[in-house]
Amino acid sequence: MGAKITIDSATMMNKGLEFIEAKWLFDMPNEDIEIVVHRESVVHSAIVYNDNSMIAQLGVPDMRIPIQYALTYPERYESPVKELSLADYGKLTFFEPDYDTFRCINVCKEAIALGGLHPAAANGANEESVKLFLDGKIKFNDIAYLNYEAMKNAPEKKDFTLQDVLDTDRAARNYVLETVK
């Protein structure tokens with residue numbers, strides 16, 4: 001993992017962004033999307049059917065698999081990644097996130113609840129706040145605060161264009177940079 005992804009994992013912004021992604025990709029009601037912490041990183045997604053059975057996609061924690069699939073969809077090809085052995089893992093664990101400690105998840109959930117351009121602002125702010133943290137210009141706990149404030153400042157617009165998204169992203173980044181000056 002690179003530095004950015006490592007910080008997103010540590011703040012759990014990655015979980016918040018995955019929440020936004022699930023909402024956009026599957027148009028699910030917010031309350032039907034469950035966020036869980038899974039330290040082994042073997043279960044990559046799961047869906048519950050109306051009969052309460054669950055189907056999950058499992059694999060070794062290696063991004064080459066989803067990248068390969070994205071490039072070759074809908075085909076499946078042999079992968080250079082080692083085969084998953086559940087016996088090697090022994091057990092898989094799942095926990096509810098600590099929303100008080102990992103406030104970046106809440107930033108993303110609120111961004112989706114507000115709708116419009118708020119998710120774009122949350123993402124743009126996170127890009128800049130993580131850079132500032134890695135450069136030693138802000139504290140770790142400042143990331144969630146800056147992301148939240150920038151997200152709340154996004155324009156209220158339900159119908160928007162790609163240019164509106166790009167403008168909101170830039171404004172959120174600028175908000176973070178100007179706040180830290």
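Look a little higher up for the structure.
Counting restarts for each chain, with residues numbered from 1 along the sequence as it is written. Given that the model is predicted, a residue must reach a pLDDT of at least 70 before its local features are reported, and side-chain atom pairs must reach 80 or more before they are shown or counted; all residues, however, enter totals for whole chains, interfaces and linings. In computing side-chain properties, one takes all heavy atoms of the structure into account and sets aside hydrogens as well as water.

Chemist: How would you sum up the side chain of His-38? Please name residues and give values.
Modeler: Helix and strand definitions follow DSSP, with helices as H or I runs of at least four residues and strands as E runs of at least two, each counted in order from the N terminus. Relative to the assigned elements, His-38 resides in the loop between α2 (13-26) and β1 (43-48). Only 3.1 Å separates the side chain of His-38 from the backbone nitrogen of Val-43, close enough to count as a polar contact. Here, residues are in contact when the closest pair of their heavy atoms is within 4.5 Å. Those residues in contact with His-38 that lie beyond four places of it in its chain are Val-43, Leu-92, Thr-93 and Phe-94. N or O atoms closer than or at 3.5 Å make up a polar contact, with two conditions inside protein: a donor-capable atom paired with an acceptor-capable one, and, for residues adjacent in sequence, both atoms drawn from side chains.

Chemist: Lay out the packing of aromatic side chains with the relevant residues and their values.
Modeler: Pairing of aromatic rings covers Phe, Tyr and Trp, the last through its six-membered ring, and needs centres within 6.5 Å; plane angles under 30 degrees mean stacked, over 60 mean edge-to-face, and all others mean tilted. Taken as a whole and judged by the stated rule, the model has 2 aromatic pairs. Between Tyr-69 and Tyr-73, the ring centres sit 5.5 Å apart and the planes meet at 85 degrees, which makes this aromatic pair edge-to-face. On the basis of relative accessible area, Tyr-69 is assigned to the partly exposed category, the value being 27%. Buried residues are those whose accessible area, probed at 1.4 Å on protein chains only, stays under 20% of the maximum for their type, while exposed residues exceed 50% and partly exposed ones sit between those limits. A residue is classified by how much of its surface remains accessible, and Tyr-73, at 58% relative accessible area, is exposed. Centre to centre, the rings of Phe-133 and Phe-140 are 5.6 Å apart; their planes meet at 70 degrees, and the pair counts as edge-to-face. A relative accessible area of 32% places Phe-140 in the partly exposed class.

Chemist: Please set out the environment of Asp-8 residue by residue, giving values where relevant.
Modeler: Locating Asp-8 in the fold gives a position in helix α1 (residues 3-11). Overall, Asp-8 belongs to the buried group, its relative accessible area being 7%. Between the C-alpha atoms of Asp-8 and Val-165, which are 157 residues apart in sequence, the distance is 21 Å. Beyond its immediate sequence surroundings of up to four residues, Asp-8 is in contact with Met-13, Asn-14, Leu-17, Asn-126 and Val-130. At 2.9 Å, the side chain of Asp-8 and the side chain of Asn-126 are in polar contact.

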